[in-house]
Amino acid sequence: MRRQEVDQVQLNQVEDELKKCRERWKAECALLKYKASRKMENILSLTKQIEWTRERTRLMRSLNVVDDSFYVWHSGRSATINGFRISRGVNERVNNWNEVNAALGQLLMLLATTPTFENQTTELLPLGSTSKIAKAPDRTQYGQFPLFTDDSFSILPKRNFNTALSLLLRHIHEWHIKMSASDP
């Protein structure tokens, strides 16, 4: 009988150890299931973030910052940029040079922010309503021309301003040629 009691004690010990192993196994399985579910949640979250980012990228590609920053339109016969008149009718006198100066400054800023065009003959110096334009080889103070004026009297009627307008029109013409060539 002694042998039977020893076997019974050993059997009980094995059963106890088996129960402990099952409990550890169940605990490890629960932990692994929890970790797996967290990983799946992370994967789903990242998938949603990727979808959201792709959609935002698609929307951002459809935006044109220049259109939103520089509203070019007309008011009657006058061309406008961001509400400032940049031109006048044939029989109209300019009453507000500040408005024209601001419009020319906005136009210069628009041209200066066009990244695909680099002009070799002129350099734009957008400074708001006191913008300037320079001949490219001579960028010194003497090669810069003011793209603003007022109604004041001058012996040489606005010679530097007229030169600046001429350079601006040349710049716009070269920009137009470059853009027309790259337009499909």
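Residues numbered from 1 in each chain as written. Predicted model: local features only at pLDDT ≥ 70, side-chain atom pairs only at ≥ 80, totals over all residues. Heavy atoms only, no water.

With that settled, the discussion passes to the overall build of the protein. Of the regular secondary structure elements, the protein holds four helices and six strands. Reading the protein from its N terminus to its C terminus gives the helix and strand order α-α-β-β-β-α-β-β-β-α. For 184 residues, the compact-globule estimate of 2.2 N^0.38 gives 16 Å, and the protein exceeds it by more than 25% at 38 Å. Within the protein, buried positions represent 21% of all 184 residues. Carbon and sulfur atoms make up 57% of the accessible area of the protein, which totals about 14,600 Å². Measuring between centres, the 27 positive side-chain charges of the protein sit 1 Å from its 21 negative side-chain charges. (Helix = DSSP H or I, 4+ residues; strand = E, 2+ residues; numbered from the N terminus. Rg over C-alpha atoms; globule rule 2.2 N^0.38 Å. Buried < 20%, exposed > 50% of the residue type's maximum accessible area, 1.4 Å probe, protein only. Areas by Shrake-Rupley, 256 points an atom, 1.4 Å probe, with all protein chains shown as cover. Lys, Arg positive; Asp, Glu negative; His and termini not counted. Charge placed at Lys NZ, Arg CZ, Asp CG, Glu CD.)

Time to look at the sheet that holds strand β1 (residues 72–75). The sheet built from three strands is open, its strands ordered β1-β2-β3 with antiparallel pairing. Pairing within the sheet leaves two strands with one partner each, and these edge strands are β1 and β3 (84–85). One ladder, built from two bridges, connects strand β2 (residues 78–81) with β3; its direction is antiparallel. Paired with Ile81 across the bridge in β3 is Phe84. (Pairing = 2+ DSSP bridges.)

In this description, an aromatic ring pair is defined by two values, namely the gap between the centres and the angle between the planes. Applying the stated criterion across every chain, the model contains two aromatic pairs. For the ring pair Tyr71 and Trp73, a centre distance of 6.4 Å and an interplane angle of 25° mean the geometry is stacked. According to the relative accessible area criterion, Tyr71 is partly exposed, its value standing at 48%. With a centroid separation of 5.9 Å and 90° between ring planes, the pair formed by Trp97 and Phe161 is classed as edge-to-face. (Phe/Tyr/Trp six-rings, centres within 6.5 Å; stacked < 30°, edge-to-face > 60°.)

What follows deals with the pairing of strand β4 (residues 122–125). Of the pairings in the sheet, the one linking β4 to strand β5 (residues 132–135) comprises four bridges and is antiparallel in character. Paired with Thr122 across the bridge in β5 is Lys135. The turn linking β4 back onto β5 is made up of six residues, and Gly128 within it adopts a positive phi angle of 70°.

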